[in-house]
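Structural features, examined
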Amino acid sequence: MSAASPAPGSLPPVIPVFPLTGVILLPGSNLPLNIFEPRYLQMVRDAVTSDGLIGMVQPKPQDGDIEKPELYSVGGVGKIDDLVETGTNRFAIRLKGIARFEISDELSTTTPYRKVHADWARFGDADNAQSANHGVDRRKLLATLSGYLEQRGLDADYDAIAEAPDDVLVNTLSMIIPLGAPEKQALLEAVSVSDRATMLQTLLKMALVEEGSVQPSNFH
């Protein structure tokens, strides 16, 4: 399944949301998901027969297992760009990020999944901006990333990284690097790609300092 994504200016006022800790979706990025819970299977089925849109939003950190946790106020919406049935009541889908939204309020609904009123105004200009140069200091970011990966015994395809445009590089790293929910949320809400790159570099350096891989005096 693949279809053209709607323009950010034509996005609907109400969208279904999939709360998932540690997962963010940024415009232009791809997010693969395995769907097996009945309520989210229903959400995907309903989305496929309408506009194909699903909002990804993080629950706020909480104590214990709460059936309906409070949500962060900002999420990212994507369109189902691919869907494969991988078994009985199991889907593998890929969301293509379109825009970020702010939750104005949550609807009372009879569906098993949650729906919200989405306000698209806050991030509209930033998410619609087209720029070949986002002002990202790639050298510093990649040097910090290299230290972070080396500390964990991980490798990366640096040829592919070198070829990636600034926004693809920064947004992909922001989505895949394992960080806590508050840090992920901060990356999601960073206004511009440049702001997100600076924040990501800072978070990676903080992780290295906390794990003793670099000295705080080198933190600049």
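Conventions we followed
Residues numbered from 1 in each chain as written. Predicted model: local features only at pLDDT ≥ 70, side-chain atom pairs only at ≥ 80, totals over all residues. Heavy atoms only, no water. Helix = DSSP H or I, 4+ residues; strand = E, 2+ residues; numbered from the N terminus. Buried < 20%, exposed > 50% of the residue type's maximum accessible area, 1.4 Å probe, protein only. Areas by Shrake-Rupley, 256 points an atom, 1.4 Å probe, with all protein chains shown as cover. Axes fitted to C-alpha atoms, helices over the stretch in contact; angles between N-to-C directions. Parallel < 35°, antiparallel > 145°, perpendicular 65-115°, else oblique. Left-handed = near helix turned anticlockwise from the far one by under 90°. Contact = heavy atoms within 4.5 Å. Pairing = 2+ DSSP bridges. Core = buried A, V, L, I, M, F, W, Y, C linked by side-chain atoms within 4.5 Å. pLDDT = per-residue confidence, 0-100. Salt bridge = Lys/Arg side-chain N within 4 Å of Asp/Glu carboxyl O.

Our next topic: the overall build of the chain. The helix and strand tally for the chain stands at seven helices and six strands. In the chain, buried positions account for 42% of the 220 residues. About 11500 Å² of surface is accessible on the chain, with carbon and sulfur atoms providing 52% of the total.

Moving on, we get to the packing of helix α6 (residues 181-189) against helix α7 (residues 193-210). Packing of α6 against α7 leaves a shortest axis separation of 9 Å and a crossing angle of 160 degrees. With respect to α7, the element α6 is oriented roughly antiparallel. Crossing of α6 against α7: the hand is right-handed. Along the contact surface, α6 presents E183, A186, L187 and L188, while α7 presents R196, M199, L200 and L203.

All right, on to the pairing of strand β1 (residues 14-19) then. Buried residues dominate β1, accounting for five of its six residues. Note that β1 and strand β6 (residues 114-119) share four bridges and pair antiparallel. Across the sheet, residue V14 finds its bridge partner in β6, namely H117. With three bridges connecting them, β1 and strand β3 (residues 53-57) associate as parallel partners. What sits directly across from V17, in β3, is G55.

Ranked by size, the top nonpolar core spans 43 residues in total, and within it I35, I54, M56 and L95 carry the most contacts. Per-element tally for this core: the top contributor is α7, with six residues. Those residues in contact with L95 that sit more than four places away from it in its chain are L25, S29, N30, L31, L33, I54, M56, G78, K79 and I80. In this structure, V77, A99, F101 and W120 belong to the second largest nonpolar core, which totals 14 residues.

A separate point is the environment of R45. Checked against the element boundaries, R45 lands in helix α1 (residues 38-48). Judged by relative accessible area, R45 falls into the partly exposed class, the value being 34%. Along the backbone, R45 and F91 are 46 residues apart, and their C-alpha atoms lie at a distance of 9.9 Å. When neighbours within four sequence positions are excluded, R45 is seen to be in contact with N89 and F91.

Residue-level pLDDT values for the chain average 89, and 90% of them are 70 or greater. Segment residues 215-220 is flagged for pLDDT under 50; beyond a separation of four residues in sequence, or across chains, it makes seven contacts in the model.

So, about unusual backbone geometry. Within the chain, N89 stands out as a residue other than glycine whose phi angle is a positive 55 degrees. Take N89: it is sitting in the loop between β4 (74-87) and β5 (90-106). According to the relative accessible area criterion, N89 is partly exposed, its value standing at 41%.

Time to look at the pattern of salt bridges. By the definition in use, this model includes 11 salt bridges. Two residues, R114 and E106, come together in a salt bridge whose shortest N-O distance is 2.7 Å. Residue classification places R114 among the buried residues on the basis of a relative accessible area of 14%. The partly exposed category is assigned to E106, whose relative accessible area is 31%. Its salt-bridge partner being R138, residue D166 comes within 2.8 Å of it at the nearest N-O pair. A residue pair is termed long-range when its members are at least 10 positions apart, and D166 in helix α5 (residues 166-176) and R138 in helix α3 (residues 138-151) qualify at 28 residues. Pair check on accessibility: D166 and R138 agree, each one buried. The structure contains a network of salt bridges with shared partners spanning E37, R39 and E67.

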